[in-house]
Amino acid sequence: MRQIIYKKAILVTLGCILLSSCLKKDLYSGSKNEDGKEVSPPDNGGNTNRYSYPFGEEKTGQEAELIIEFHSEQGIIHTPTVSIPPLKYNKSLLFMLTQDDCKQSAFSMTWAAINGKPVDRSDIKRKYYYDIEHLEADDLPPNSYLLGKTLGITDGFGNEVRFHFTTTLAPEWDFMDAPTAVKKNFTENFFRFYMKSGLRWNNVVEMVNDGNAIAFHDLNTAAINNVDSLIKHFDRSQQITNKRLNGRKIKFLAEPNGNKSYLQAALGFPAIQTVTAQNGADKLIPYQVNSSLNQKTLARVFVNHAAEAEKLVNEAVTKDVTDREAVHIGVHETDHDWAQLLLWLNNTYGKDGKDILWFPSQEEYYEYNYNRQNSVISSRIEGNKLIVKVKFPSQPDFYYPALTLNINELHMNSIKSISSNEAVTGLTYGNFDKGISVNMDCRRFIKDHATQYVNRYLSKKSAANLLDAKYHINALKDSQEKKNLLRTLGIE
């Protein structure tokens, strides 16, 4: 009898292990030496003194104000119509990418390709990966190379906006705190570039600093169909993430393994505001959206090869903009082919092509649409000026307080200046259609943020660091502080 009970216990244990989700599949936990034994690298991967944007101090419910002053001989009589387009920057094609399983390649391939960093050639015999510490030390895999440019779109007026994507996290797993080994110029072996079990917190910090998003996915529980257990682990993961990312919380769920229990649990965890799933989800047609999409589950498609994603994009473009579905791709591992897909998007529909693409994370799109549906806009004429006010909604855990405004019946030739109140920290504008368009950003700390990248360049004057510093400075509205930062880089 005792032997039977013992055997049952073993079977239950094995069952729990097998039920654990896709997070555990095909993941390598560390490097091995020639004898096949694990090699523990030195612990030089701590978070000590690593800069992280102060997400926990970000404001919601901002009151933005634009002041449009006209030339004295022009003037303004009628208050023009002000509207917010369905897609930021007046784009007509929405593309989103969600990378599941907290994969290390989300940093060393996806993020790296977008931001002009080295990527691995993905040799069929061995794929290599790296961490932020490797990048900072110029300790890189032997086959790495550069795509030759950063990847993105423009804001409609020639200013670069890099692609943003989502990576899922695994906050309850210890591998996110794994150490890493940095051995510049050491070529006897390359064990330090073997795939780890997943992303490390230091890599995630760098990714979210650049505007990328994070999501819930698998939770560390064997009770994957127990809603109460899932809610408990959502909360635990949230607390860990909040601590590790300087107040940043997760409000996006990428359904794991088609498990609908996660979707039920999300309804009982109000912090989750937007969800994506492969089946039983709503197709997103941006120009037909007339609600805030709060707690709506939006559809995504998993493809086996990057070329399939290219086909979906080309098919979407053939449709009229009012009927054009968003292309939302789900992926696990990314490789050299995916880097080439991102390059193709940049060259075909992005800043070096037709420039009709908006490539945000689902979280960023969700916030933009929520703000579009719920912001209060008012405008008035004061003498020779048009004053436009935008009151953003107060919504918890929002990190992208930005909108595009279209103002009809105006032309830049008749405008002397466009300025804003202090709530607006980023501001670009120009002629659009039968009026003008204005992009506003209300993040509180982007001046300090840009300064961090300038200081990074000053401490290590590389071409890549200079590009990053200029990019983050250019996100600022025109001001003396912006001029000073450019002057610090030697740019007048």
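Definitions and limits used
Per-chain numbering applies: the sequence of each chain, read as written, is numbered from 1 onward. In keeping with the model being predicted, local features are shown solely for residues with a pLDDT of at least 70 and side-chain atom pairs are shown and tallied solely at 80 or more, while totals for entire chains, interfaces and linings include all residues. The side-chain values count all of the structure's non-hydrogen atoms but skip hydrogen atoms and water molecules. Strands here are runs of E lasting at least two residues and helices are runs of H or I lasting at least four, both read from the DSSP assignment and numbered beginning at the N terminus. Burial classes: relative accessible area under 20% of the type maximum marks a residue as buried, over 50% as exposed, and values in between as partly exposed (1.4 Å probe, protein chains only). Contacts are assigned to residue pairs with any non-hydrogen atoms lying within 4.5 Å of each other. All accessibility values rest on the Shrake-Rupley procedure with a 1.4 Å probe; residue burial counts only the protein chains present in the view. A positive count includes Lys and Arg, and a negative count includes Asp and Glu. His and the chain ends are not counted in either. For this purpose, a charge sits on NZ of Lys, CZ of Arg, CG of Asp or CD of Glu. Whenever a helix is involved, its axis is fitted only over the stretch in contact; in every case the axis is a line through C-alpha atoms, and angles between N-to-C directions fall within 0 to 180 degrees. The cut-offs work like this: below 35 degrees is roughly parallel, past 145 is roughly antiparallel, 65 to 115 is roughly perpendicular, and the gaps in between are oblique. Should the near helix be turned anticlockwise from the far one by less than a right angle, the crossing is termed left-handed; should it be turned clockwise, right-handed. When residues are grouped by polarity, Ala, Val, Leu, Ile, Met, Phe, Trp, Tyr, Cys and Pro land in nonpolar, Asp, Glu, Lys and Arg in charged, and all others, Gly among them, in polar. The criterion for strand pairing is that DSSP finds at least two bridges linking the strands in question. The crossover handedness rule: strands pointing away from the viewer, path from first strand over the helix to second strand clockwise, crossover right-handed. Think of it this way: a Phe, Tyr or Trp ring, Trp meaning its six-membered ring, pairs with another when their centres are within 6.5 Å, and the plane angle makes it stacked under 30 degrees, edge-to-face over 60, tilted otherwise. Whether a charge lies above a ring is judged from NZ of Lys or CZ of Arg, which has to be within 6 Å of the ring centre and within 35 degrees of the ring normal. To estimate the expected span of a helix, subtract one from its residue number and multiply by 1.5 Å. Think of a polar contact as two N or O atoms within 3.5 Å of one another; within protein, one of them needs to be a possible hydrogen donor and the other a possible acceptor, and neighboring residues in sequence only count if both atoms come from side chains. Basic side-chain nitrogens of Lys or Arg form a salt bridge, by our definition, when they fall within 4 Å of a carboxyl oxygen of Asp or Glu.

A. The arrangement of the overall build of the chain in detail. Within the chain, the secondary structure is distributed over twelve helices and 19 strands. On the principal axes, the C-alpha backbone points of the chain span a range of 95 × 50 × 40 Å. Within the chain, the fraction of its 492 residues that count as buried is 54%. Taking all contacts inside the chain whose residues are at least 6 apart in sequence as the whole, residues at least 24 apart take part in 75%. Here the chain displays about 21,900 Å² of accessible surface, and carbon together with sulfur accounts for 49% of that area. The average position of the 58 basic charges and that of the 58 acidic charges among the side chains of the chain differ by 2 Å.

B. View of the packing of helix H5 (residues 227-244) against helix H6 (residues 260-267). Two elements in contact, H5 and H6, have axes separated by 9 Å at closest approach and are oriented at 65°. In terms of their interaxial angle, H5 and H6 are classed as roughly perpendicular. Our pair here, H5 against H6, has a crossing hand that is right-handed. When H5 is examined against H6, the residues Val-227, Leu-230, Ile-231 and Phe-234 are found in contact with a partner set consisting of Ser-261, Tyr-262, Gln-264, Ala-265 and Ala-266. Residue classes in the contact of H5 with H6 are distributed as seven nonpolar, two polar and no charged.

C. Summary view of the environment of Asp-101. Tracing the chain through its elements places Asp-101 in the loop between strand E3 (93-99) and helix H2 (105-114). For Asp-101, a relative accessible area of 4% corresponds to the buried category. C-alpha of Asp-101 to C-alpha of Leu-140: the two residues are 39 residues apart in sequence and 24 Å apart in space.

D. Looking closely at the pairing of strand E12 (residues 327-331). Across the five residues that make up E12, a large majority, five, are buried. Of the two faces of E12, the one carrying Val-327, Ile-329 and Val-331 and the one carrying His-328 and Gly-330 are both buried. Where E3 lies against E12, five bridges are found, and the strand directions are parallel. The residue bridging Gln-99 from the neighbouring strand is Val-331, located in E12. Pairing geometry for strand E11 (residues 301-302) and E12, over two bridges, is parallel. From the neighbouring strand, Phe-302 faces E12, where its bridge partner is Gly-330. You can see the chain leave E11, run along helix H7 (residues 306-317) and come back into E12, and the turn it takes is right-handed.

E. Summary view of the sheet that holds strand E18 (residues 426-432). Read from one edge of the open sheet, four strands run E2-E16-E19-E18, paired in antiparallel fashion. Unpaired on one side and paired on the other, strand E2 (82-83) and E18 mark the two borders of the sheet. Inspection of the sheet shows E2 paired to strand E16 (residues 402-408) by two bridges, in the antiparallel sense. The residue of E16 that forms the bridge with Val-82 is Ile-407.

F. Region of the structure containing the sheet that holds strand E15 (residues 385-391). The strand order E14-E15-E1-E17 describes an open sheet built from four strands, whose pairing is antiparallel. The open sheet is flanked by strand E14 (376-382) and strand E17 (415-420), the only strands paired with a single partner. Ignoring strand direction, the axes of neighbouring strands in this sheet form an average angle of 15°.

G. Region of interest: the packing of aromatic side chains. Inspection of the entire model under this criterion finds 21 aromatic pairs. Consider the rings of Phe-95 and Phe-359, whose centres lie 4.9 Å apart with planes at 70°: the pair is edge-to-face. With Phe-95 in strand E3 and Phe-359 in the loop between strand E13 (357-358) and helix H9 (362-374), this residue pair connects regions lying 264 residues apart in the sequence. Across this residue pair, the class does not change: Phe-95 and Phe-359 are buried. The rings of Tyr-53, Phe-55, Tyr-399 and Phe-445 are connected pair by pair, giving a single aromatic cluster. A cation sits over an aromatic face here: Arg-126 above Tyr-194, 3.6 Å from the ring centre. Note that Arg-162 overlies the ring of Tyr-471, its terminal NZ or CZ placed 4.2 Å from the centroid.

H. Examining H5 more closely. Taking 1.5 Å per residue, 18 residues should reach 26 Å; H5 reaches 26 Å between its end C-alpha atoms and fits that length. Check the buried side of H5 and you find it contacts helix H4 (201-209), strand E7 (213-215), strand E8 (252-254) and H6. Where H5 begins, the side chain of Asn-226 points an oxygen toward the backbone nitrogen of Asp-228, at a separation of 3.0 Å. Within two residues after H5, Asn-246 carries a phi angle of roughly 60°, on the positive side.

I. The arrangement of the pattern of salt bridges in detail. Under the criterion given, the structure shown has 27 salt bridges. A salt bridge links Asp-352 to Lys-351; the shortest N-O distance between them is 3.2 Å. We classify Lys-351 as partly exposed; its relative accessible area is 22%. Because the salt bridges share partners, they merge into one network encompassing Lys-117, Glu-160, Arg-162 and Asp-468.

J. Representation of the environment of His-164 in the model. Inspection of the secondary structure puts His-164 in the loop between strand E5 (160-162) and strand E6 (166-168). Once residues lying within four places of it in the same chain are set aside, the contact partners of His-164 are Asp-210, Gly-211, Asn-212, Phe-359, Pro-360, Ser-361, Glu-364 and Tyr-471.

K. Molecular detail of the packing of H7 against helix H8 (residues 336-348). Between H7 and H8, the least distance of the axes is 9 Å, while the angle of their chain directions is 20°. Here H7 is positioned roughly parallel relative to H8, judged by the angle of their axes. Considering how the two elements wind past one another, H7 and H8 form a crossing that is right-handed. Contacts from Ala-306, Ala-309, Glu-310, Val-313 and Asn-314 of H7 reach H8 at Asp-337, Trp-338, Leu-341, Trp-344 and Leu-345. Split into classes, the residues belonging to the contact of H7 with H8 amount to seven nonpolar, one polar and two charged.

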